[in-house]
2 protein chains.
Amino acid sequence: MDLSRREKALLLALTTRGGRRRSGCCRCEGVRAVRELLTNFPEKVRFIAATERGIEALGTAPDKLRIVPEREFEELSGTVNSQGVIAVADMPEMASGAVQGDFILALDQLGDPGNFGTIARSLRAAGQHELWYTKGSIDPWGDKAIRSGMGVQFALRMRRFDTLEELALAARELGFCKIFIADPHQGESCFKQQGLFEHSVIVIGGEPNGVLGVAPDAARVMIPMPGDYESINAAQAATVLIFESVRRSME
Amino acid sequence: MDLSRREKALLLALTTRGGRRRSGCCRCEGVRAVRELLTNFPEKVRFIAATERGIEALGTAPDKLRIVPEREFEELSGTVNSQGVIAVADMPEMASGAVQGDFILALDQLGDPGNFGTIARSLRAAGQHELWYTKGSIDPWGDKAIRSGMGVQFALRMRRFDTLEELALAARELGFCKIFIADPHQGESCFKQQGLFEHSVIVIGGEPNGVLGVAPDAARVMIPMPGDYESINAAQAATVLIFESVRRSME
């Protein structure tokens, strides 16, 4: 089937937050991102626009497929070298109920979609599920965030809160009572801190200001940097912490 | 002093590899990058172009300063939101002689400047020094690589080789005989491998193909991913390995 004019207009509108809000859908571009979507929420797919090349890369011709010529696809794609596949899907609802996994990763006002995507991918690779965030963070369903995260958003359980304090309260109600804030300057070493990943919340702040929110009774954890130079960003810090949880789980 | 026409032309020419080769200089943009340069190679600075705002951010008025109006600076900057400071410096020579630090991080055909910068920053934060790379990797003195690395290149000891085999041979001659190749599919866990950072070379490949080069007697190390989904990139993998060395050094 061909892409209708209405579908084309929707694809373009979904590059803005307003367009997503009005339609309740998001764009999901790239082979791996579309695979995550098809694995986790096949029922939410409205349609998939793809070039012949994109279908080949996907390895399957999915339902609700719209075949688009290369030149027309270029206008729709958010990237210079596209993979030739974009899905439009209903935005998944926020997660609710019991927490899955060992800890909650919480992003406090993390504004960069590239960092968001990197953190989401580290969390996914580590087999954890809960990615919570506060107002002021990037929209996880934005075009760039999905591309940067390669669609792992669709495999994670995300929840949004107005403030870090509300986030901490919600976690506590679900039995995740210990709050650890990643801090470049103070706190116990993340390699020594006991119980760091045992029913806890690990909070990462947006660079360069770190965590701005306030959470009562939070402890600080620090990534030791013998180079005496703070040069790692929020995504690198989160990756170190997330894989420290993997290391401990294998001891 | 004002920026001469010749200096302006040089600044623009240095955004290309050809321009750097012809002049023997590189551009170094951003407050932190210029600070690294002034700390490590002040004698190599040819001039620094900065706006009033850039000088304020730098916190000092360095020698060889050229004050540039905001509007003119915009044409020179490689970024949309510039910090108002660019230095032009002679490109540092390749490192030589004895290896400093516990291990060598080697990049095999790593093509992405963003990943390069992230890896360089993790290495700098961890207090290690040796960053070696093979032909086919990004030019560390390129404009994007320096911005992404925030100039930590100037604090690292870099060496370039045509092939991974030559790199391994050079390392061996300097007493760094164990070669470990980061591999997504096979090898001992990086959290269990003995002697991983003891006079060794850790090789990271460019995504998505991993390490393409061949090194005799190399062992494979793997970052365990309980999520059963390979979604981390070369920069994340390098960051996990680099901070595992920090963790071990603190045991």
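Attention here is on the structure that accompanies the text. Quick caveat: nothing in here was measured; it's all calculated off a predicted structure. (Residues numbered from 1 in each chain as written. Chains lettered and ligands numbered in written order. Predicted model: local features only at pLDDT ≥ 70, side-chain atom pairs only at ≥ 80, totals over all residues. Heavy atoms only, no water.)

The next point concerns the relation of the copies chain A and chain B. Between chain A and chain B, which share one sequence, the superposing operator has a rotation angle of 180° and an axial displacement of 0.0 Å; the RMSD is 0.0 Å. Here the copies are linked by what is in effect a two-fold axis. Of every C-alpha in chain A, the one belonging to Val240(A) sits nearest the axis of rotation, 2.8 Å from it. (Least-squares fit on C-alpha atoms with pLDDT ≥ 70 in both.)

Right, let's talk about the sheet that holds strand β3 (residues 65-67) of chain B for a bit. Residues and elements named next belong to chain B. Here we have four strands laid out as an open sheet, ordered β1-β4-β2-β3, and mixed in their pairing. Each edge of the sheet is formed by a strand with only one pairing partner; in this case those strands are β1 (25-29) and β3. On average, adjacent strands in this sheet sit at an angle of 20° to one another, irrespective of strand direction. By the bridge criterion, three bridges tie strand β2 (residues 45-50) to β3 in an arrangement that is parallel. Note on β3: the bridge partner recorded for Ile48 is Leu65. (Pairing = 2+ DSSP bridges. Helix = DSSP H or I, 4+ residues; strand = E, 2+ residues; numbered from the N terminus. Axes fitted to C-alpha atoms, helices over the stretch in contact; angles between N-to-C directions.)

To continue, consider the side chain of Thr51(A). Residue and element names in this part refer to chain A. With respect to the secondary-structure elements, Thr51 resides in the loop between β2 (45-50) and α4 (52-58). Under the relative-accessibility criterion, Thr51 is labelled buried at 1%. The contacts of Thr51, once residues within four sequence positions are left out, are Val68, Pro69, Glu70, Phe73 and Gly84. (Buried < 20%, exposed > 50% of the residue type's maximum accessible area, 1.4 Å probe, protein only. Contact = heavy atoms within 4.5 Å.)

We now examine the sheet that holds strand β6 (residues 130-134) of chain B. All names here are of chain B. Ordered by their spatial adjacency, seven strands build an open sheet running β7-β6-β5-β10-β8-β11-β9, and the pairing between neighbours is parallel. Each having just a single partner strand, β7 (157-161) and β9 (188-189) make up the two edges of the open sheet. Contacts from helix α8 (residues 164-173) reach β5 (103-108), β6, β7, β8 (178-182) and β10 (200-205) within the one sheet, and its direction differs from that of β6 by about 150°. Against the sheet, helix α9 (residues 234-249) touches β5, β8 and β10, its axis set at about 160° to β10.

Looking now at the packing of helix α6 (residues 113-125) of chain A against helix α9 (residues 234-249) of chain A. Residues and elements named next belong to chain A. Closest axis-to-axis distance for the α6/α9 pair is 9 Å, and the angle between their directions is 10°. Accordingly, the angle class assigned to the pair α6 and α9 is roughly parallel. In this structure, α6 contributes Asn115, Thr118, Ile119, Ser122, Leu123 and Ala125 to the contact, and α9 contributes Ala234, Ala235, Ala238, Thr239, Ile242 and Phe243. Across the contact of α6 with α9, the residue classes break down as eight nonpolar, four polar and no charged. (Parallel < 35°, antiparallel > 145°, perpendicular 65-115°, else oblique. Nonpolar A, V, L, I, M, F, W, Y, C, P; charged D, E, K, R; others polar.)

To continue, consider the environment of Asn40(B). All names here are of chain B. Summarising the element assignment, Asn40 is placed in helix α3 (residues 31-40). Separated by 71 residues in sequence, Asn40 and Gly111 place their C-alpha atoms 26 Å apart. Not counting chain neighbours up to four residues away, the residues in contact with Asn40 comprise Phe154 and Ala155. Looking at Asn40, its side chain comes within polar contact range of the main-chain oxygen of Glu36, at 2.8 Å. (Polar contact = N/O pair within 3.5 Å; in protein donor to acceptor, adjacent residues only side chain to side chain.)

Counting from both sides, the interface comprises 33 residues of chain A and, opposite them, 33 residues of chain B. Both faces combined, the contact of chain A with chain B buries some 2800 Å², and carbon together with sulfur accounts for 60% of it. On the chain A side of the interface with chain B, the three residues burying the most area are Tyr229(A), Phe243(A) and Arg247(A), jointly 21% of the side's total. Taken together, the links from chain A to chain B amount to zero salt bridges. Connecting chain A to chain B are 16 residue pairs in polar contact (both at pLDDT 80 or more). For the side of chain A that touches chain B, the element with the highest residue contribution is α9(A), accounting for seven residues. Class assignment of the residues belonging to the side of chain A that touches chain B gives a composition of 15 nonpolar, eight polar and 10 charged. (Buried area = accessible area lost by both parts, 1.4 Å probe. Salt bridge = Lys/Arg side-chain N within 4 Å of Asp/Glu carboxyl O.)

Distances and angles like these do not, on their own, reveal function.
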